[in-house]
Amino acid sequence: AGLLAATTNNNVGIASTAFNCSIMSVKCTSEGEDPSYISNGFEGVLYAAKAGYYSQAFSIINCSWGGGTDATLFEETTINTVYNNYNAVIFAAAGNGSDSGWGEDYSAHYPSSYENVISVTALGNNGSWNHWATYHETVDLGSPGESIRSTTINNYSSWDGTSMASPVAASCAGLLKSFNPNWNNNQIETMLLATADPMIYNVNPESYLENCLGKGRVDMLK
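Just so it is clear, the model here is predicted, and its values are computed rather than measured.

Parameters at a glance
Residues numbered from 1 in each chain as written. Predicted model: local features only at pLDDT ≥ 70, side-chain atom pairs only at ≥ 80, totals over all residues. Heavy atoms only, no water. Axes fitted to C-alpha atoms, helices over the stretch in contact; angles between N-to-C directions. Helix = DSSP H or I, 4+ residues; strand = E, 2+ residues; numbered from the N terminus. Parallel < 35°, antiparallel > 145°, perpendicular 65-115°, else oblique. Contact = heavy atoms within 4.5 Å. Left-handed = near helix turned anticlockwise from the far one by under 90°. Pairing = 2+ DSSP bridges. Polar contact = N/O pair within 3.5 Å; in protein donor to acceptor, adjacent residues only side chain to side chain.

*Asks:* Would you mind going over the packing of helix α2 (residues 41–56) against helix α3 (residues 73–85) in detail, with residue names and values included?
*Replies:* One can describe the packing of α2 onto α3 by two numbers: an axis separation of 10 Å at closest approach and a directional angle of 10 degrees. One element, α2, and the other, α3, form an angle in the roughly parallel class. For the pair formed by α2 and α3, the contact residues are F42, E43, V45, L46, A49 and Y53 on the first element and F74, E75, T78, I79, T81, V82 and N85 on the second.

*Asks:* Go over the packing of helix α4 (residues 162–179) against helix α5 (residues 185–194), please, and point to the residues and values.
*Replies:* The geometry of α4 relative to α5 is characterised by a closest axis approach of 10 Å and an angle of 120 degrees between their N-to-C directions. Between α4 and α5, the angle falls in the class oblique. α4 and α5 meet at a crossing whose hand is right-handed. For the pair α4 and α5, the contacting residues are A169, C172, A173, L176 and K177 in the first and I188, M191 and L192 in the second.

*Asks:* How would you explain the sheet that holds strand β4 (residues 118–123) if you had to name every residue and give the values?
*Replies:* Judged by pairing direction, the sheet is parallel, and its four strands sit side by side in the order β1-β2-β4-β6 without closing on themselves. Edge positions in the sheet fall to β1 (59–63) and β6 (141–144), since each has one partner strand and no second. Direction aside, the axes of adjacent strands within the sheet are offset by 30 degrees on average. Here β1 runs beside strand β2 (residues 88–93); their pairing, made up of five bridges, is parallel. Across the sheet, residue I61 finds its bridge partner in β2, namely I90. α5 rests against β2, β4 and β6 of the sheet, and its axis sits at about 45 degrees to β2.

*Asks:* So what's going on with the environment of D219? Which residues, and what values?
*Replies:* Its place among the elements puts D219 in the segment after α6 (200–203). Between the alpha carbons of D219 and A196 there is a distance of 5.3 Å; along the sequence they are 23 residues apart. Apart from residues no more than four positions distant in its own chain, D219 is found in contact with T195 and D197. Polar contacts involving the side chain of D219 include one to the main-chain amide nitrogen of K222, which spans 3.1 Å.

In structure tokens form, the structure reads like this:
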């Protein structure tokens, strides 16, 4: 939430890109379920999309969660419905690499790998991709995801992860929508991806990474 829309220019804590946007959190795991898992994430995505659509005709949805390597018709249909019918822009973490340890992994990852989701991988300083996250042709965008400071309950802390990179990118969509309130979800997505800085492929020249880190690093000023 801090990365999405922390209060800015108040001499406290951190600043966010979409500093004056509204946030709605959606609870997707019931009290009796394991809190380390998202058990009803796609129902939550649909709920968020409808709530945003009927209140202000759009929403930006961030999913700092995911996993698995197999797509399902239910999940894909939900994403397509949200995108096509409720004017939602959907961001998702591309994944933190190997499940067996801190290491890079070439794989699909869901919901980030679905067609109408902006899949965001994590970059370090100066656009470096430091070989611990997920890379794949379905990745759309790179975003800062190392030592990212954000809000906690009554405090602040820093983390690494595509779960940090995704809301940083989503906050850029929030600011872009604020400047262009009449743009639809396709226009927001198109502009963010078209202005991404491809310098990451100069910083990370390994041939196997080509076209697997997205269009480039998100560039809000562009």
